[in-house]
Amino acid sequence: MHKIDIDLVEMTMDVMKYAIGRISATKREIGKPKKESELKALVGETITEKGIGGENAFNLWKKHLINANVPADHPRNLAFVPAAPTRAAVMFDLVTSASSIHGAYWMEGAGGIFCENEAMKWIVSLTGLPKGAFGVFTSGGTAANLSAIVTAREYWRSLNDKNKSEKGLIITSIGAHSSIKAMAKVVDVDILLVDTEDRLEAKNLQEVINNLTTHQRQRLFTIVATAGTTNAGIIDDLAGIATICEKEQLWYHVDAAYGGGALAADSVRHLFIGIEKADSITIDPHKWMFSPYDCGAVIYKDMALAKQAHSQQGSYLDIFKDEGAQGFNPADYQIQLTRRVRGLPLWFSLATHGTNRYKEAVERGLELAQIAGKMIEDSPFVELVRAPSLSCVLFRRKGWQPEDYTNWTYQNHKKGFALVTPTKWKTGNTFETVSRFCFINPDTTENDIEMILDSMK
Ligand SMILES: *Cc1c(COP(=O)(O)O)cnc(C)c1O
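Sequence order as written defines residue numbering, which begins from 1 separately in each chain. The predicted origin of the model limits local features to residues at a pLDDT of at least 70 and limits the giving and counting of side-chain atom pairs to 80 or more, whereas totals for whole chains, interfaces and linings rest on all residues. Hydrogens are left out, water is left out, and the side-chain values use all remaining heavy atoms of the structure.

Undergrad: Before we go on, may I ask you to explain unusual backbone geometry in this structure?
TA: Going from Tyr 293 to Asp 294, the amide bond is cis rather than trans, its omega being -10°. Starting at the N terminus, helices and strands are each numbered in turn, a helix being any DSSP run of H or I of at least four residues and a strand any DSSP run of E of at least two. Relative to the elements of secondary structure, Asp 294 occurs in the loop between α11 (285-288) and β7 (296-300). With phi around 45°, Ser 100 is a residue other than glycine that occupies positive phi space. Locating Ser 100 in the fold gives a position in the loop between α4 (87-99) and α5 (106-127). For Ser 100, a relative accessible area of 64% gives the class exposed. A positive phi is found at Asp 188, a non-glycine position, where the angle reads about 60°. Following the sequence through the fold, Asp 188 ends up in the loop between α7 (178-187) and β3 (190-194). Burial classes follow relative accessibility: with a 1.4 Å probe on protein chains only, a residue under 20% of its type's maximum area counts as buried, one over 50% as exposed, and anything between as partly exposed.

See below:
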């Protein structure tokens, strides 16, 4: 026993030292990609009957495996939507694990859920939704979108017996995130895409609705607007779409998984006017609210409707719903039962830094996009595809073919220098391959941007 305790203490110290090293590191490499066979050759068999021992396994991690990942918070990782969790949030992610909290029901997780809800109040306040609106943390934007669509569908079916035997229909635009289409499949509803990658305007939406067949119109139950498209940072006409949803009596979901963080930024808050009319909103704190993975959020105007859709029943669950145990039960409002209190790191970080620091950090991301846009305009060999929107910048290298972008991406990645990936932009009927920056990390410097652009010369 004694020996085991000493081993345990040593292992704990090793892990803590490693975590401290990562959290306080000022310089980091972008990891280099490796094939599965290469990794296997480096580490060998790790899952065996007797185990290989913690020290051994940890050494393999430190020596080989960690380096095959791209840290999402590297300042020259500008691909997809990167992340930049605060050090406070990362530290409290460790505390969250060590505290072993079951975050489904208040009875078991009151302290953790209380903290989550304090952070959620701030997020909800940013949306401007009326009193009574609230939300719950999910594993990410996909789970949040799914939870919202299920709530909308169940509500729609509750309105009219006829709807119960109909397949629902959602309208969104081709700029919507892939998860909307994927989750429509999960829910088994049809989806109609308005053919614009640019801002979805109320006028276009109304036209599409007017052109539906009677049966389609009867099946239509939800409009999904995007507040910050993942590809280009475009915010749909939220106010105009809200008016249509009100008039046509449709559920209004706003997917702000990426853009939602910018609700905190005074300089762009006006672009989101209309979001306060939504029935549900998705925001990913693990994108622009500096939370570690994974942390999404779904917010509802009417929590009772979410509860009707999601509350799970079972004799073993009754005690959680008993008067004596009552409190806010996160399991009632989204698809997951057992859950990590994944909003807890965000709570600690917000409590540590204050919300002003969040505003400033988001403003810096917006500013970096403007700076990059200016640099691109000033360079003869690159040009903007469109003006930067939120923190996304689409640009082309003059004369490059699609494969040039791909090769350039791999080269920078293999060197451990940067991760910047190509994307496509649709104008008319043509898709053009271009490059894209997405700024989240406030520690990205102008010099980083300059070096990346120089690598295209
Ligand atoms: C990232 C993103 C999602 C999906 O979120 P995950 O956290 O990756 O599941 C959904 N919608 C939009 C607009 C996004 O940017």
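Undergrad: Hey, could you run me through the side chain of Thr 127 in this one?
TA: Along the chain, Thr 127 turns up in helix α5. Judged by its relative accessible area of 0%, Thr 127 is buried. Throughout this description, a polar contact denotes any pair of N or O atoms lying within 3.5 Å of each other; where both atoms belong to protein, one of them has to be capable of donating a hydrogen while the other can accept it, and for residues adjacent in sequence the pair is counted only when both atoms sit in side chains. In this structure the side chain of Thr 127 is engaged in a polar contact, spanning 3.2 Å, whose partner is the backbone nitrogen of Leu 129. We call two residues in contact when some of their heavy atoms are within 4.5 Å. With residues near it in sequence (within four places) discarded, Thr 127 still touches Leu 263, Arg 269, Ile 275, Glu 276, Ile 281, Ile 283 and Ile 299.

Undergrad: Would you explain empty space enclosed by the protein in this entry?
TA: Where empty space is left becomes clear once a probe the size of a water molecule has been rolled over the atoms. For cavity detection a 1 Å grid was placed over the protein atoms alone, and a set of points counts as a cavity when a 1.4 Å probe fits there but cannot get out; an open set counts as a pocket when protein lies on both sides within 12 Å along at least five of seven lines, with lining residues being those that have an atom within 4 Å of a point. Grid points are joined across faces, edges and corners, and a volume is the space filled by probe spheres set on the points. Scanning all chains against the criterion turns up two cavities of 30 Å³ or more. Looking at the largest cavity, the residues that line it are His 177, Thr 226, Gly 228, Thr 230, Asp 255, Ala 256, Ala 257, Tyr 258 and Lys 287. Residue composition of the lining of the largest cavity, by class: three nonpolar, four polar and two charged. In this structure, the second largest cavity occupies an estimated 40 Å³ of space. Partitioned by chemical class, the residues of the lining of the second largest cavity number four nonpolar, no polar and four charged. All residues other than Ala, Val, Leu, Ile, Met, Phe, Trp, Tyr, Cys, Pro, Asp, Glu, Lys and Arg, Gly among them, are scored as polar; the first ten of these are nonpolar and the last four charged.

Undergrad: So what exactly am I meant to see when it comes to a nonpolar patch on the surface here?
TA: A surface patch of nonpolar side chains, amounting to about 340 Å² of accessible area, comprises Val 15, Met 16, Ile 20 and Leu 94. When residues of the nonpolar patch are assigned to their parent elements, the largest contribution, three residues, is made by helix α1 (residues 2-24). Within the element layout of this structure, Leu 94 appears in helix α4. Exposure remark for Leu 94: the relative accessible area of 38% places this residue in the partly exposed category. Patches in this entry comprise residues that are over 30% relatively accessible and not in a salt bridge; like charges within 9 Å are linked, as are nonpolar side chains (Val, Leu, Ile, Met, Phe, Trp, Tyr) within 5 Å. In this description, accessible areas are obtained by the Shrake-Rupley approach with a 1.4 Å probe, and a residue is regarded as covered only by the protein chains that are shown. By definition here, a salt bridge exists when the distance from a side-chain nitrogen of Lys or Arg to a carboxyl oxygen of Asp or Glu is within 4 Å.

Undergrad: Looking at this model, I keep getting lost on the sheet that holds strand β10 (residues 422-427). Mind explaining?
TA: In sheet architecture, strand pairing relies on hydrogen bonds along the backbone and comes in two forms, parallel and antiparallel. The strand order across the open sheet built from four strands is β8-β9-β11-β10, with neighbouring strands paired in antiparallel fashion. Lying at the two open borders of the sheet, with one neighbouring strand each, are β8 (382-384) and β10. The average angle at which neighbouring strand axes cross in this sheet is 50°, direction not considered. A pair of strands is labelled paired if DSSP reports no fewer than 2 bridges between them. In this structure, β10 lies alongside strand β11 (residues 430-438), joined through six bridges in antiparallel fashion. Looking at β11, one finds that Trp 425 is bridged to Glu 432. Convention adopted: a line fitted to C-alpha atoms gives each axis, helices being fitted over their contacting stretch, and angles between N-to-C directions are expressed from 0 to 180 degrees.

Undergrad: Sorry, what's going on with the domain arrangement of the chain here?
TA: When the parts come together, some accessible area is lost, and that loss is often what is quoted as the size of the interface. The domain boundaries assigned to the chain delineate domain 1 (93-353) and domain 2 (359-454). Averaged C-alpha coordinates put domain 1 and domain 2 at centres separated by 29 Å. The partner domain 2 presents 21 residues to the 25 residues of domain 1 that form the contact. Buried area: the sum, over both parts, of the accessible surface (1.4 Å probe) that disappears when the two are put together. Here domain 1 packs against domain 2, burying approximately 1800 Å² in sum over the two surfaces, 59% of which is carbon and sulfur. For the pair domain 1 and domain 2, the number of links is three salt bridges. Between Asp 266 and Lys 359 there is a salt bridge; the shortest N-O distance is 3.1 Å. Summed over the shared surface of domain 1 and domain 2, the number is 13 residue pairs in polar contact (both at pLDDT 80 or more). Boundary definitions for the domains trace back to an automatic or database domain assignment.

Undergrad: Help me out: how do you make sense of the site of the ligand in this one?
TA: Taken together, 13 residues sit near the ligand, with Gly 141, Thr 142, Asp 255, Asp 284 and Lys 287 positioned nearest. For the ligand, an oxygen atom lies 2.8 Å from a polar atom in the side chain of Thr 230. Within the side chain of Asp 284, one N or O atom sits 2.7 Å away from an oxygen atom of the ligand. Considering the ligand on its own, with 380 Å² of exposed area, one finds that the protein chains cover 85% of that surface. Whether a residue is near a molecule or strand is decided by its heavy atoms; if any one of them lies within 4 Å of it, the residue is near.

Undergrad: Looking at this structure, I do not really get the packing of helix α14 (residues 344-353) against helix α15 (residues 355-378). What am I missing?
TA: Running from N to C, α14 and α15 point in directions that differ by 100°, and their axes come no closer than 6 Å. On the basis of the axis angle, α14 is roughly perpendicular to α15. On α15, the residues touching Leu 346, Ser 349, Leu 350 and His 353 of α14 are Thr 355, Arg 357 and Tyr 358. Along the lines of polarity and charge, the residues of the contact of α14 with α15 split into three nonpolar, three polar and one charged. Geometric relationships in this document are graded by angle, where less than 35 degrees denotes roughly parallel, more than 145 denotes roughly antiparallel, 65 to 115 denotes roughly perpendicular, and other angles denote oblique.

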